[in-house]
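Per-entry structural report
This is what each chain is made of:
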Amino acid sequence: MDTTPALALATAAAAATAAAGPTLGPSPLALGDRQLSLQAARTAIAAALQPVGGSETLPLLAALGRVLAADLLSTIDVPAHDNSAMDGYAFSGHQLHSDAGTTLQAVGMVLAGAPFEGAIRPGECVRIMTGAVMPVGLDTVVPIELCAVAGDPASGLVHIAAGALRAGENRRRRGEDLAAGKPALLAGRVLRPADLGLVASLGIAELTVSRRLRVALFSTGDELRTLGQALEPGCVYDSNRYALMAALQRLGMDVLDLGVVRDDPAALQTTLQAGIAQADVLLTSGGVSAGDADHTRDLLASMGEVVFWKVAMRPGRPFAFGPVHAGGRSSWLFALPGNPVAALVTFYAFVRDALLQLSGATPDPLPVLQARSLQAIRKRPGRTELQRARVSPASDGGWQVQITGSQGAGILRSMSEANALVVLRHDQTSVAAGELVDVWLFDGLV
Ligand code: AMP
Ligand code: MG
């Protein structure tokens, strides 16, 4: 990221705050913070970001999951010729009678990949296979199962009953799949298997995709130990870095692991500078909650235009976002709360789509599933609550959802057991057993 998007961010954040309605009021903890809804935070982030740009050209298969950098125009018509959609007999459709059957003389055979060279006269037809090029002048195919051989099988007389089909049926038109010169795929598409097949159908072997976004990641906290280290009293293993690196990998990011940083402004500054020098985005966890925030906040205030939000959500209230600068370069900082579940949930809620946007992607919105809650769920209006849950098929053909155990923000086990998050919307109140609730499935989310 080379430009300073601070102005856009400030404007977007102001708009988001306005959209969130009244703030929490005079708590000293709220001083300098913005209290906003999950949706308002998402909107503010989206409004601040622009794709980072840059592209590379890759062999077709290597482009799976990457973002198409420019519209891909079809170079040819697909299919290149009118061809048969069925196994049957091709003929000229104006010979069909509306009130009586039609009898035609078969004069040859046409296979896929071997066009018919001869001329076909009125009253004649040719045996044709699916995908074979329609002989010149013929426009209709009667499927084999809709016609009868008339008289002696050796005679080659084919009878079509009255009303069995209409002129022009069962012919695939040249260019009906893709027309030469028209866009086959639009820029911003996250390439899926069918897209690669489509590109191959054009005879194109390489694709130009956006370069991978470089995301530098570190965890903060004096208590954190890295795998392989001994766990002294009062310490915990750094799990966020692994969960977040895995989520970043799934999203196709180029991940730079900057390890664990102690709760020390000088160490934090050094690591931030190293990250800004190398990455488009810095992703941190820990150190943004009220207890830690002061030194982090002062440092970040000196390095950029980071806003500290108290998002009205659970888990995951503290969250900081904005541009940071060092050595003439800038990066976007996303600072997640340290509690392992809060870190992952805020990653899904705010960072996932932001990274796709920075990568130039225009993905479809993730589908929200409606599932029947198997239990009553207590919910306070005025914040979005996300509960770990398992979605499973219900006996009535729909979906049902069960909350997975304790919902403490640090309890990763209930996140690991879950396959989805129940999303209880900002204004929603408690849910009764049997009510439908919104669900974000993990599959597709990461
Ligand atoms: P913090 O947001 O730094 O106040 O951390 C909140 C809680 O999350 C504390 O109990 C931390 O020990 C824990 N925590 C913070 N970072 C991590 C991490 N990377 N891995 C596991 N737990 C963490
Ligand atoms: Mg901490």
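Residues numbered from 1 in each chain as written. Chains lettered and ligands numbered in written order. Predicted model: local features only at pLDDT ≥ 70, side-chain atom pairs only at ≥ 80, totals over all residues. Heavy atoms only, no water.

For the rest of this paragraph, the subject is the overall build of the protein chain. For the protein chain, the count of helices and strands is 8 helices and 26 strands. Here the protein chain has a C-alpha radius of gyration of 31 Å; the compact-globule value for 446 residues is 22 Å, and the former is much larger. Viewed in the frame of its principal axes, the protein chain has a C-alpha envelope of about 95 × 55 × 45 Å. Expressed as a percentage of its 446 residues, the buried residues of the protein chain come to 45%. Partitioning the intrachain contacts of the protein chain with sequence separation of at least 6 by distance along the chain shows that 72% fall at a separation of at least 24. When the accessible surface of the protein chain is split by element, carbon and sulfur atoms take 55% of a total near 21,000 Å². (Helix = DSSP H or I, 4+ residues; strand = E, 2+ residues; numbered from the N terminus. Rg over C-alpha atoms; globule rule 2.2 N^0.38 Å. Buried < 20%, exposed > 50% of the residue type's maximum accessible area, 1.4 Å probe, protein only. Contact = heavy atoms within 4.5 Å. Areas by Shrake-Rupley, 256 points an atom, 1.4 Å probe, with all protein chains shown as cover.)

A few words on the pairing of strand β6 (residues 102-110). Sheet topology places β6 next to strand β10 (residues 157-160); 4 bridges connect them, and they run antiparallel. Its bridge partner lying in β10, T102 is registered against I160. Relative to strand β7 (residues 124-128), β6 is paired through 4 bridges, and the arrangement is parallel. The partner of Q105 across the bridge, within β7, is E124. (Pairing = 2+ DSSP bridges.)

A few words on the packing of aromatic side chains. To describe a pair of aromatic rings, one takes the distance between the centres and the angle between the planes. Counted under the stated rule, the structure contains 7 aromatic pairs. Positioned above the aromatic ring of Y89 is the side chain of R127, whose terminal nitrogen or guanidinium carbon lies 5.5 Å from the ring centre. The ring centre of F308 lies 4.5 Å from the NZ or CZ of R297, which sits over that ring. (Phe/Tyr/Trp six-rings, centres within 6.5 Å; stacked < 30°, edge-to-face > 60°. Lys NZ or Arg CZ within 6 Å of the ring centre and 35° of its normal.)

Glancing now at the pattern of salt bridges. Going through the model one piece at a time under the given rule, you end up with 16 salt bridges. One salt bridge connects E56 with R66, and the closest N-O pair in it is separated by 2.7 Å. Remark: R66 occurs in the loop between β2 (55-59) and β3 (72-73) and E56 occurs in strand β2; sequence separation between them is 10 residues. With relative accessibility at 32%, the residue E56 sits in the partly exposed group. On the accessibility criterion, R66 (7% relative accessible area) is buried. The residue R214 makes a salt bridge to D254 at a minimum N-O spacing of 2.9 Å. With R214 in strand β14 (residues 214-220) and D254 in strand β17 (residues 254-261), this pair connects stretches of sequence that are 40 residues apart. (Salt bridge = Lys/Arg side-chain N within 4 Å of Asp/Glu carboxyl O.)

Of all hydrophobic cores here, the largest spans 51 residues; its most connected members are L283, W309, F334, F347, F350 and L355. No other element matches helix α7 (residues 340-358), which puts 13 residues into this core. I276, A279, V288 and L299 belong to the second largest nonpolar core, which has 20 residues in total. (Core = buried A, V, L, I, M, F, W, Y, C linked by side-chain atoms within 4.5 Å.)

This paragraph deals with unusual backbone geometry. Geometrically, the link from V78 to P79 is a cis peptide bond, its omega value of -5° lying close to zero. Within the secondary structure, P79 is located in the loop between β3 and β4 (83-84). The linkage connecting R314 with the following residue, P315, adopts the cis geometry, with an omega of -5°. Along the polypeptide, P315 turns up in the loop between β19 (307-314) and β20 (318-326).

Backbone hydrogen bonds hold the strands of a sheet together, and the pairing may be parallel or antiparallel. Reading across from one edge, β8-β5-β7-β6-β10-β9 is the order of the 6 strands in this open sheet, with mixed pairing throughout. Each of the sheet's edge strands pairs with one partner strand only, and the pair in question is β8 (140-143) and β9 (147-149). Looking at each pair of strands side by side, their axes are set apart by 40° on average, direction ignored. Here strand β5 (residues 88-91) pairs with β8 via 4 bridges, running antiparallel. The residue bridging Y89 from the neighbouring strand is V142, located in β8. (Axes fitted to C-alpha atoms, helices over the stretch in contact; angles between N-to-C directions.)

A few words on the confidence of the model for the protein chain. With 91% of its residues at a pLDDT of at least 70, the protein chain reaches an overall mean of 89. Below pLDDT 50 for its whole length, residues 1-32 participates in 44 contacts with residues either more than four positions away or in separate chains. (pLDDT = per-residue confidence, 0-100.)

Summed over all chains, the structure comprises 0 disulfides. Looking at C147, it has no disulfide partner, and the nearest cysteine sulfur is the one in C125, 7.9 Å off. Look at C147 and you get buried, because its relative accessible area is 18%. (Disulfide = S-S within 2.5 Å.)

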